[in-house]
Protein chains: 2
Amino acid sequence: MAANSRFAVAAHVLSLLHIHEGGRITSEYIAGSVNTNPVVVRRIMGMLNKAGLVQTSPGVAGATLARPIDEITLLDVYRAVQPEDGSLFAIHDNPNPDCRVGRNIQVTLDTAFTRAQQAMERELAGMTMEEVCLDIVNRP
Amino acid sequence: MAANSRFAVAAHVLSLLHIHEGGRITSEYIAGSVNTNPVVVRRIMGMLNKAGLVQTSPGVAGATLARPIDEITLLDVYRAVQPEDGSLFAIHDNPNPDCRVGRNIQVTLDTAFTRAQQAMERELAGMTMEEVCLDIVNRP
DNA sequence: CACGCCTGTAACTATAATGATCACAACTTA
DNA sequence: TAAGTTGTGATCATTATAGTTACAGGCGTG
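Overview of the structure. (Residues numbered from 1 in each chain as written. Chains lettered and ligands numbered in written order. Predicted model: local features only at pLDDT ≥ 70, side-chain atom pairs only at ≥ 80, totals over all residues. Heavy atoms only, no water.)

## Some points on the overall build of chain A
At step 1: Broken down by element type, chain A carries six helices and two strands.
At step 2: Across chain A, helices and strands are ordered from the amino to the carboxyl terminus as α-α-α-β-β-α-α-α.
At step 3: Taking 140 residues into account, the globule formula puts the C-alpha radius of gyration at 14 Å, and chain A, at 19 Å, lies well above it.
At step 4: Seen through its principal axes, chain A has C-alpha atoms that stretch 65 × 30 × 25 Å.
At step 5: Here chain A holds 140 residues, and 44% of them are scored as buried.
At step 6: Taking contacts inside chain A between residues at least 6 apart in sequence as the whole, the part at least 24 apart equals 61%.
At step 7: Just so you have it, chain A exposes about 7000 Å², and 47% of that area is on carbon and sulfur atoms.
At step 8: Mean positive and mean negative side-chain charge positions of chain A (12 and 15 charges, respectively) differ by 5 Å. (Helix = DSSP H or I, 4+ residues; strand = E, 2+ residues; numbered from the N terminus. Rg over C-alpha atoms; globule rule 2.2 N^0.38 Å. Buried < 20%, exposed > 50% of the residue type's maximum accessible area, 1.4 Å probe, protein only. Contact = heavy atoms within 4.5 Å. Areas by Shrake-Rupley, 256 points an atom, 1.4 Å probe, with all protein chains shown as cover. Lys, Arg positive; Asp, Glu negative; His and termini not counted. Charge placed at Lys NZ, Arg CZ, Asp CG, Glu CD.)

Shown next, in the form of C-alpha cells:
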C-alpha cells in the first residue's frame, strides 16, 4: 500500500458524486464503494475541496461538484491529490560539482524529465471526468 | 529519500561511461560523481547490465556500453531501473462489485492511466542518452 | 432546543519502498 | 600471490501511504 492510489480513489469519489448527483451520499457510503475507511475518503474529499473541485460543508452529508463534470479533467484530479512538488521523477542531490557530468546532470535531466511529465499531463488534460463516468455507466 | 532517483542516477552513470569511454572508471569513482555509495552504483549498474544496456564483468573495473549511445533512449534507461510492474499510477484494490462504479472503475481508470503513461513513455523514447551527453558537455 | 448524524482533523500504527552502509565471497590482473 | 574490484546479502534509517481510533464542532430534524 505504499503505491499512491489517491488519484484513483479521487476519480472514484467524483464519479460517485456525479452519478448520485442530487442525493446525499456520506463518506461512509463512498468508503463502502471504494472499499476503504471513511476517514480516507474524507481526507481525499478535503483535497478535492481545497482544489476547488467539490464543495463540502462540515456536518452535512453529500458534497457537490463545484464544476460541471465535463469541465473537470483528469489532470485537475491528479494535481488535486498530489501534495508533493508534483515531480514525477526525482533527481539525486548534491552531485559532484568538480565533475562536468555531476555539475550539469541536474539541469539536463530536469529538462528531459519535464518534457516527459508534460506529455503525461497533456494526455490527462485531454480526458474529462465526464468521459470516465460515461465509460463506467456504459459497462454492465 | 523515498522518492525514486534511480532513473536519474542511471542516466548519470551512463553519461559517465560514455564520456570516459575507453577508460576504466570504478564504481567508487562513479559514486564520487553521483555523491552516493559505491554499492548503490553497483546495484544500478547491475540493473543496466540485466537490461542489456551495459556490459560488466565481476572483478574488473570499467563497464562498457552495450549499444551505441545514440541507440539508448531514456525509455530504455527508465525501464531498466523500474523493478515494479511499471505502472505509473496505482488503482485501489477490491472496490465494491455491488456498486456500478466500484464494479467498473478499475477497467475504466486502467484505460485512462495507460494512455497517460504511454504518452510519457513516447516522450522518453524520443530522447537518447546521446542528447543527454551532448547537453552536458555543452554546458560550462 | 436537544439529539443524532456527519464532517474535519489530529494522532497513532503498520507496511512498503528507497537509499546508505557493512561485510564478504568471488573474480581479475599486475 | 596480493591488491583491487565487482556482485550481493543483510541491516538500518527515512519517508510515504493507508488504515484506524478518537473527538471536537457543525447541521438538521424531530
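## Describing the protein's contact with DNA strand D
At step 1: The environment of DNA strand D is formed by 26 residues, the closest being Ser5(A), Thr36(A), Ser27(B), Arg42(B) and Thr56(B).
At step 2: If you look at DNA strand D and keep only atoms within 4 Å of the protein, 60% of those are sugar or phosphate atoms.
At step 3: In the model, a phosphate oxygen of DNA strand D is placed 3.3 Å from a nitrogen or oxygen of the Asn4(A) side chain.
At step 4: Ser27(B) places a polar side-chain atom, nitrogen or oxygen, 2.8 Å from a phosphate oxygen of DNA strand D.
At step 5: Secondary-structure elements contributing two or more residues to the surface near DNA strand D are helix H3 (38-50) of chain A together with helix H3 (38-50), strand S1 (54-57) and strand S2 (60-65) of chain B. (Near = heavy atom within 4 Å. Polar contact = N/O pair within 3.5 Å; in protein donor to acceptor, adjacent residues only side chain to side chain.)

## With respect to the protein's contact with DNA strand C
At step 1: Taken together, 26 residues surround DNA strand C, and among them Ser27(A), Thr56(A), Ser5(B), Thr36(B) and Arg43(B) come closest.
At step 2: Arg42(A) places a side-chain nitrogen or oxygen 2.8 Å from a base oxygen of DNA strand C.
At step 3: In the model, a phosphate oxygen of DNA strand C is placed 3.3 Å from a nitrogen or oxygen of the Arg6(B) side chain.
At step 4: Of the residues assigned to the surface near DNA strand C, the class counts are 11 nonpolar, 10 polar and five charged. (Nonpolar A, V, L, I, M, F, W, Y, C, P; charged D, E, K, R; others polar.)

## Examining the state of the cysteines
At step 1: In this structure the tally under the stated criterion is zero disulfides over all chains.
At step 2: Free cysteine Cys99(B): the closest other cysteine sulfur is in Cys133(A), separated by 11 Å.
At step 3: For Cys99(B), a relative accessible area of 11% puts it in the buried group. (Disulfide = S-S within 2.5 Å.)

## A closer look at the packing of aromatic side chains
Each aromatic ring pair is characterised by the separation of its centres together with the angle its planes make.
At step 1: Here the structure, examined in full by the defined rule, presents 10 aromatic pairs over all chains.
At step 2: Summarising the aromatic geometry, the rings of Phe89(A) and Tyr78(B) are spaced 5.7 Å apart at their centres and angled 85° between planes, so their arrangement reads as edge-to-face. In this pair, Phe89(A) sits in the loop between helix H4 (74-80) and helix H5 (100-125) while Tyr78(B) sits in helix H4 (residues 74-80), so the two residues belong to two different chains. As far as burial versus exposure is concerned, Phe89(A) and Tyr78(B) are alike and both buried.
At step 3: When the ring of Phe89(B) is compared with that of Phe113(B), the centres are 5.0 Å apart and the planes differ by 50°; the resulting orientation is tilted. (Phe/Tyr/Trp six-rings, centres within 6.5 Å; stacked < 30°, edge-to-face > 60°.)

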